[in-house]
Amino acid sequence: MTDLRFDNTFVRELPADLDTSNVQRQVLGAAYSFVDPTPVSAPRTIAVATDVAAMLGIDPDAGDFAEVFAGNARRPGMTGYAMAYGGHQFGHWAGQLGDGRAISLGEVLTAADGRQELQLKGAGRTPYSRGADGRAVLRSSIREFLCSEAMHHLGVPTTRALSLVATGDAVVRDVMYDGHPAPEPGAIVCRVAPSFLRFGSYELPSARGDVALLRRLVDFTLERHYPAYAGLPGEEGYAAFFADVCERTARLMAHWMRVGFVHGVMNTDNMSILGLTIDYGPYGWIDDFDPDWTPNTTDRAHRRYRFGQQPHVGYWNLQRLAQALSPLFGGVEALHAGLARYVEVFEASDAAFSAAKLGLAQPDAGDEALIADLRGLLLAGGMDMTIFYRDLATVDLDAPRAASLDEAFYDETGRAAVGEALQAWLLRYAARVRADGSPDAGRIALMHAANPRYVLRNYLAQQAIDRAEQGDEAGVHELLDVLRHPYDEQPGKARLAARRPDWARERVGCSMLSCSS
Ligand code: AMP
Ligand code: MG
């Protein structure tokens with residue numbers, strides 16, 4: 001492997017935990033602890049995102065690739081560390097969490113003048129492991145690897161993934177938390193992002209009253225990740241930074257709603273300060289449209305993190321961040337202004353995406369009712385969100401027929417329930433498109449850029465996992481390949497764009513996911 005250029009600003013510029021033992025503890029006054037990955041017995045590369053490797057200047061065919069990205073070998077310039085952070089989990093302050101199984105290797109300078117941190121998830125225990133094993137299983141690693149790449153190619157801000165490496169070691173998990181622990185194959189994903197700082201990174205020093213550390217963290221974040229605000233006088237830079245985080249989070253929520261992604265665990269420790277999708281756990285994709293759906297069985301009782309709730313949770317989480325940052329502000333006005341920006345930017349982004357999904361180049365206020373009525377129909381008819389929007393572009397607007405959207409229905413009951421109302425809606429829609437006046441080709445291009453044909457349906461990921469657990473990794477490679485072009489029709493891949501089959505409706509891994517990973 002050619003030498004990577006590391007420039008490890010996080011560990012160089014922020015205070016380290018002075019204790020370098022790998023023993024669990026409360027870490028005070030420090031942003032991270034030095035810790036090395038624990039070696040694994042038989043690293044083997046399962047998959048590489050070649051465009052991420054190219055961005056980083058890493059040769060995936062290098063002989064030591066699996067060793068390095070399983071944490072067994074270290075390239076010059078790498079330094080292992082785990083970040084300290086806290087978080088609100090399911091609405092409650094949880095105190096210190098931190099990287100319990102993720103170990104960063106440092107920041108690579110890329111050819112395009114970028115900076116990307118490399119982080120191994122599942123690399124072994126750290127001072128933040130809280131009694132857990134520091135490892136990750138193959139199924140959750142496949143899910144993180146594939147989904148972060150799928151999101152990137154959908155145009156949704158996200159951490160990325162360089163590699164998926166099998167460890168050769170078994171990891172014991174009780175998948176449904178029902179008293180049936182069993183060994184599973186272990187794996188390690190190398191995640192890649194400019195920074196893995198989370199809302200919880202700022203909440204932890206703030207909750208402890210360590211304003212000096214809080215200020216250093218925020219100053220570091222501005223200098224390294226929001227440089228436009230670093231030179232502003234007084235509180236201005238902090239205010240601009242917070243408003244920017246609010247705006248990015250708003251756009252992220254609008255994207256999730258656009259593509260039908262449900263994160264599943266939007267705790268504040270899983271909210272990126274860069275507005276990226278981060279920490280892929282029991283996430284899921286909407287098949288039949290339902291704002292109340294959550295994939296996370298752990299959240300089944302309250303459905304706090306259900307699909308339709310995500311924009312509200314984004315706001316709630318930003319309120320927690322505002323609270324954490326408040327010691328740096330003389331008053332609350334700037335923080336309130338940032339939160340108000342969140343609402344404005346979410347509404348504008350959501351309206352723009354909703355219009356684009358319908359192919360409307362000139363959105364107008366009257367579209368709100370058209371969109372709300374459509375969502376009502378999708379829900380009442382139990383229609384597949386992805387197929388409906390994609391196929392909507394094929395409807396003949398001179399003679400619209402609900403039958404053109406038959407593929408979106410899961411059953412006859414749904415079709416019968418909304419058939420006539422859908423026909424009436426299509427007539428309204430056709431009239432609206434005519435009023436919009438954009439030529440067919442432009443409208444269809446707009447729709448195809450907003451409405452993917454291929455998303456990582458829950459059952460598709462599970463099928464790839466089932467095969468990989470039996471030693472056949474072709475399903476992972478096929479999905480990685482197809483999901484790199486989610487907006488293109490791909491000959492021969494239609495089955496990967498099909499409705500969820502009936503067998504997958506209630507299957508563990510397909511519609512129900514626990515946090516066990
Ligand atoms: P998550 O739900 O994956 O976002 O994780 C929440 C917290 O639990 C984070 O601090 C993780 O580092 C930690 N954690 C999750 N799984 C493990 C594990 N197997 N070993 C150690 N820490 C873990
Ligand atoms: Mg997390």
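Per chain, residue numbering runs from 1 following the sequence as it is written. Chains and ligands are labelled sequentially in the order written, the chains with letters from A and the ligands with numbers from 1. Per-residue local features of the predicted model are confined to residues with pLDDT of at least 70, and side-chain atom pairs are confined, for both listing and counting, to 80 or more; whole-chain, interface and lining totals are unaffected and use all residues. Hydrogens are left out, water is left out, and the side-chain values use all remaining heavy atoms of the structure.

1. What to know about the overall build of the protein chain
Note the cut-off: Each helix is a run of H or I in the DSSP string that is no shorter than four residues. Each strand is a run of E no shorter than two, and both are numbered from the N terminus. All radius of gyration figures rest on C-alpha atoms, and the globule criterion is 2.2 Å times the number of residues raised to 0.38. A 1.4 Å probe rolled over the protein chains alone gives each residue an accessible area, and that area as a share of the maximum for its type sets the label: buried under 20%, exposed over 50%, partly exposed in between. Only heavy atoms matter for contacts: two residues are in contact if any of them lie within 4.5 Å across the pair. Residue-level accessible areas treat just the shown protein chains as cover; the underlying method is Shrake-Rupley with a 1.4 Å probe. Under this rule, positive means Lys or Arg and negative means Asp or Glu; His and the chain ends count for nothing. For this purpose, a charge sits on NZ of Lys, CZ of Arg, CG of Asp or CD of Glu.
Tallying secondary structure elements over the protein chain gives 16 helices and 11 strands in all. Since a compact globule built from 517 residues should have a radius of gyration of about 24 Å, the 23 Å found for the protein chain is in line with a globular shape. Expressed as lengths along the three principal axes of its C-alpha atoms, the size of the protein chain is roughly 70 × 60 × 45 Å. Taking all 517 residues of the protein chain together, the buried fraction comes to 59%. Sequence-distant contacts, at least 24 apart, represent 72% of the contacts inside the protein chain between residues at least 6 apart. For the protein chain, the computed accessible surface area is about 19,500 Å², with 53% contributed by carbon and sulfur atoms. Taking the average location of the 50 positive side-chain charges in the protein chain and that of its 66 negative ones, the two points are 2 Å from each other.

2. Here's the deal with the site of ligand 1
As a reminder of what qualifies: Residues are classed as near a molecule or strand on a simple rule: at least one heavy atom within 4 Å of it. Two N or O atoms count as a polar contact when they lie within 3.5 Å, although within protein this holds only if one can serve as hydrogen donor and the other as acceptor, and sequence-adjacent residues are included solely when both atoms are side-chain atoms. In this count, Pro and Cys sit with the nonpolar residues alongside Ala, Val, Leu, Ile, Met, Phe, Trp and Tyr, while Asp, Glu, Lys and Arg are called charged and the others, Gly among them, polar.
If you check the shell around ligand 1, you find 15 residues, and the closest are Gly98, Gly100, Arg130, Asp133 and Gly134. Backbone polar atom of glycine 100 to an oxygen atom of ligand 1: 2.7 Å apart, as the coordinates give it. Taking arginine 173, its side chain carries an N or O atom lying 3.2 Å from a nitrogen atom of ligand 1. Expressed as a share of its isolated accessible area of 480 Å², the protein-covered part of ligand 1 is 81%. Class assignment of the residues belonging to the shell around ligand 1 gives a composition of 3 nonpolar, 5 polar and 7 charged.

3. Brief notes about the domain arrangement of the protein chain
How we decide: Domain delimitation in this document rests on an assignment produced automatically or drawn from a domain database. Buried surface area refers to the total accessible area, computed with a probe of radius 1.4 Å, that the two partners give up upon joining, counted for both partners together. Whenever Lys or Arg places a side-chain nitrogen within 4 Å of a carboxyl oxygen from Asp or Glu, that contact is recorded as a salt bridge.
Considered domain by domain, the protein chain is made up of domain 1 (9-42 + 51-137 + 166-177 + 187-196), domain 2 (200-356) and domain 3 (378-437). Here the C-alpha centroids of domain 1 and domain 2 sit 23 Å apart. Every contact between the two is made by 33 residues of domain 1 and, on the other side, 30 residues of domain 2. Both sides of the domain 1 and domain 2 interface together cover about 2,500 Å² of buried area, and 60% of this is carbon and sulfur. Along the contact surface separating domain 1 from domain 2 lie 2 salt bridges. Glutamate 13 is the salt-bridge partner of arginine 224, the closest N and O atoms lying 2.5 Å from each other. Taken together, the links from domain 1 to domain 2 amount to 11 residue pairs in polar contact (both at pLDDT 80 or more). Elements that contribute at least two residues to the side of domain 1 that touches domain 2 include exactly helix H1 (9-13), strand E4 (86-89), strand E5 (92-96), strand E7 (115-121) and strand E9 (182-193).

4. What to know about the packing of helix H4 (residues 138-154) against helix H15 (residues 458-469)
Where we set the bar: A fitted line through C-alpha atoms serves as each axis, taken over the contacting stretch for helices, and the angle formed by two N-to-C directions is quoted from 0 to 180°. Throughout this description, any angle smaller than 35 degrees is read as roughly parallel, any larger than 145 degrees as roughly antiparallel, any in the 65 to 115 degree range as roughly perpendicular, and the remainder as oblique. Left-handed describes a crossing whose near helix is turned anticlockwise from the far helix through less than a right angle; right-handed describes the clockwise counterpart.
At a minimum axis separation of 10 Å, H4 and H15 run at an interaxial angle of 135 degrees. One finds that H4 runs oblique with respect to H15. Two packed elements cross with a definite hand, and for H4 against H15 that hand is right-handed. Here H4 contributes Leu138, Arg139, Ile142 and Arg143 to the contact with H15, which in turn contributes Ile465, Ala468 and Glu469. For the contact of H4 with H15, the class distribution of residues is 4 nonpolar, no polar and 3 charged.

5. Describing the coordination of the magnesium ion (ligand 2)
Our working rule: Excluding water, the donors of a metal are its N, O and S neighbours within 2.8 Å, or within 3.2 Å for Na, K and Ca, and that exclusion means sites may look incomplete.
In the first shell of the magnesium ion (ligand 2), the protein supplies Asn270 (OD1) and Asp279 (OD), at 1.9 to 2.2 Å from the metal. For the pair shown, asparagine 270 and aspartate 279 are each scored as buried.

6. Examining the pairing of E7
As a reminder of what qualifies: The criterion for strand pairing is that DSSP finds at least two bridges linking the strands in question.
With respect to burial, E7 is a largely interior element, 7 of its 7 residues being buried. Alternating residues of E7 divide into Arg115, Glu117, Gln119 and Lys121 and Gln116, Leu118 and Leu120, and every residue in both groups is buried. Two elements, strand E6 (residues 102-109) and E7, share 7 bridges in a ladder whose sense is antiparallel. Its bridge partner being in E7, alanine 102 is matched across the sheet by lysine 121. Count of turn residues in the E6/E7 antiparallel hairpin: 5 residues, of which aspartate 113 carries a positive phi of about 65 degrees. As defined by bridge partners, E7 adjoins E9 across 5 bridges and the pair is classed as antiparallel. Along E9, the bridge assignment pairs glutamate 117 with alanine 193.

7. Observations concerning the pattern of salt bridges
Following the criterion strictly, the structure yields 42 salt bridges and no others. Across the pair arginine 115 and glutamate 107 runs a salt bridge whose closest N-O atoms are separated by 3.1 Å. A salt bridge links aspartate 406 to arginine 415, with the nearest nitrogen and oxygen atoms 3.0 Å apart. The class for arginine 415 is partly exposed, based on a relative accessible area of 27%. One connected set of salt bridges, linked through shared partners, spans Asp7, Arg12, Glu13, Glu107, Arg115 and Arg224.

8. Side note on the side chain of serine 201
Among the secondary structure elements, serine 201 is positioned in helix H5 (residues 199-207). Every residue in contact with serine 201, bar those within four places of it in the chain, is listed here: Ala84, Tyr85 and Leu217.

9. Details of helix H14 (residues 440-450)
Short version of the rule: For this quantity, the arc is that covered by the directions from the helix axis to the C-beta atoms.
Of the residues making up H14, those classed as buried are Arg443, Met447 and Ala450. When H14 is viewed along its axis, its buried side chains cluster within an angular range of 70 degrees and face the same direction. Turned more than 90 degrees from where H14 packs its buried face, Ala441 and Ala449 sit exposed. In the core, the buried residues of H14 are packed alongside helix H8 (236-259), helix H10 (333-357), helix H12 (385-392) and helix H13 (412-436).

10. Observations concerning the state of the cysteines
The following threshold applies: Disulfide assignment relies on a single distance test, namely cysteine sulfur atoms paired within 2.5 Å.
Tallied over the entire structure, the rule returns 0 disulfides. There is no disulfide at cysteine 190, and the cysteine sulfur nearest it, in cysteine 147, is 17 Å away. A residue is classified by how much of its surface remains accessible, and cysteine 190, at 0% relative accessible area, is buried.

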